[in-house]
Amino acid sequence: MLFNIAVLLATLVAMEGVGTLAHKYVMHGWGWWLHRSHHEPHLGVLETNDLYLVALALIAAGLMALGKAGYAPLQWVGAGVAGYGVLYVLAHDGFFHRHWPRKPKPMQRYLKRLYRAHRLHHAVKGREGSVSFGFFYAPPLRELKRQLRARRGD
Ligand SMILES: [Zn+2]
Ligand SMILES: [Zn+2]
């Protein structure tokens with residue numbers, strides 16, 4: 001049991017790394033056509049960007065199915081991927097973008113930093129030149145602002 005929990009937690013942590021890289025190099029790279037909707041003003045509840053979430057759910061389901069088929073630890077890797085998806089929706093859609101019925105206010109220091117860092121990510125409208133691609137880890141805000149200034153300068 002303890003091993004399974006360790007696998008689950010390790011997957012959650014690893015997924016932040018995977019998520020950051022995917023956001024930076026896939027979603028702001030060749031996958032921009034799907035992510036673009038998220039960087040433009042939109043009216044509806046759903047965006048094409050949500051297809052990334054569908055892909056994540058399919059990967060999680062696939063891993064869990066493999067786990068059931070005999071590769072036991074993969075079940076917990078799959079659970080970790082699914083758990084990360086849930087946390088992402090809560091943090092990114094609910095908290096950063098206020099898609100919740102009630103508007104939560106970021107009070108805690110860590111949450112404040114995450115929230116502001118994601119605002120800075122959206123300060124750049126296009127595909128290139130953005131900063132802060134993570135969802136649960138954000139570099140110091142001073143550093144992000146410096147990067148933005150440097151990019152505007154050239
Ligand atoms: Zn983005
Ligand atoms: Zn966003």
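As the structure is a prediction and not an experimental result, all values here were calculated from the model.

*Asks:* Summarise a positive patch on the surface; cite the residues concerned and give the values.
*Replies:* Taken together, the side chains of Lys 112, Arg 116, Lys 145 and Arg 149 define a basic patch exposed on the protein surface. If you list the elements that add at least two residues to the positive patch, you get α5 (109-123) and α6 (141-153). Counting through the fold element by element, Lys 145 comes out in helix α6.

*Asks:* I'd like a rundown of the coordination of the zinc ion (ligand 1), residues and numbers included.
*Replies:* Only His 23 (NE2), His 28 (NE2), His 35 (NE2), His 39 (NE2) and His 121 (NE2) from the protein coordinate the zinc ion (ligand 1), and they sit 2.1 to 2.2 Å from it. Of note, the zinc ion (ligand 1) draws all its donor residues from one chain, in the sequence arrangement H-x4-H-x6-H-x3-H-x81-H. Pair noted here: His 28 is in helix α1 (residues 2-30) and His 39 is in the loop between α2 (32-35) and α3 (51-68), with a separation of eleven residues, a long-range link. No difference in accessibility class separates His 28 from His 39, as the two residues are buried.

*Asks:* Break down α3 for me, with residues and values.
*Replies:* Taking 1.5 Å of rise per residue, 18 residues should cover 26 Å, and α3 covers 26 Å from first to last C-alpha, within 8% of that figure. Within the sequence span of α3, burial applies to Leu 56, Ala 60, Leu 63 and Gly 67. Buried positions in α3, seen along its axis, are confined to an arc of 65° and lie on one side of it. Opposite the buried face of α3, by more than 90 degrees, sit the exposed residues Leu 58 and Lys 68. Where the residues of α3 are buried, they touch α1 and α4 (73-96). Positive backbone phi, approximately 130°, marks Gly 70, located one or two places after α3.

*Asks:* How would you explain the UniProt feature "transmembrane region" (unreviewed entry) in the protein if you had to name every residue and give the values?
*Replies:* As annotated in UniProt, the feature "transmembrane region" (unreviewed entry) corresponds to residues 74-91 in the numbering used here. Helix makes up 100% of residues 74-91 and strand 0%. Its end C-alpha atoms lie 25 Å apart.

*Asks:* A description of the pattern of salt bridges should follow, citing residues and the corresponding values.
*Replies:* The tally for this structure, following the rule as stated, stands at three salt bridges. For Glu 40, the salt bridge identified is with Arg 36, shortest N-O distance 3.0 Å. Residue class for Arg 36 comes out partly exposed when judged on its relative accessible area of 44%. Close ionic contact of Arg 127 with Glu 128 constitutes a salt bridge, the shortest N to O distance being 3.2 Å. Here Arg 127 falls in the partly exposed class, since its relative accessible area comes to 35%.

Conventions used here
- Residues numbered from 1 in each chain as written.
- Chains lettered and ligands numbered in written order.
- Predicted model: local features only at pLDDT ≥ 70, side-chain atom pairs only at ≥ 80, totals over all residues.
- Heavy atoms only, no water.
- Patch = residues over 30% accessible without salt bridge, like charges linked within 9 Å, V, L, I, M, F, W, Y side chains within 5 Å.
- Areas by Shrake-Rupley, 256 points an atom, 1.4 Å probe, with all protein chains shown as cover.
- Salt bridge = Lys/Arg side-chain N within 4 Å of Asp/Glu carboxyl O.
- Lys, Arg positive; Asp, Glu negative; His and termini not counted.
- Charge placed at Lys NZ, Arg CZ, Asp CG, Glu CD.
- Helix = DSSP H or I, 4+ residues; strand = E, 2+ residues; numbered from the N terminus.
- Donors = N, O, S within 2.8 Å, 3.2 Å for Na, K, Ca; no water.
- Buried < 20%, exposed > 50% of the residue type's maximum accessible area, 1.4 Å probe, protein only.
- Expected span 1.5 Å × (residues − 1).
- Arc of directions from axis to C-beta.
- Contact = heavy atoms within 4.5 Å.
- UniProt positions renumbered as here; feature names shortened; annotations may be inferred.

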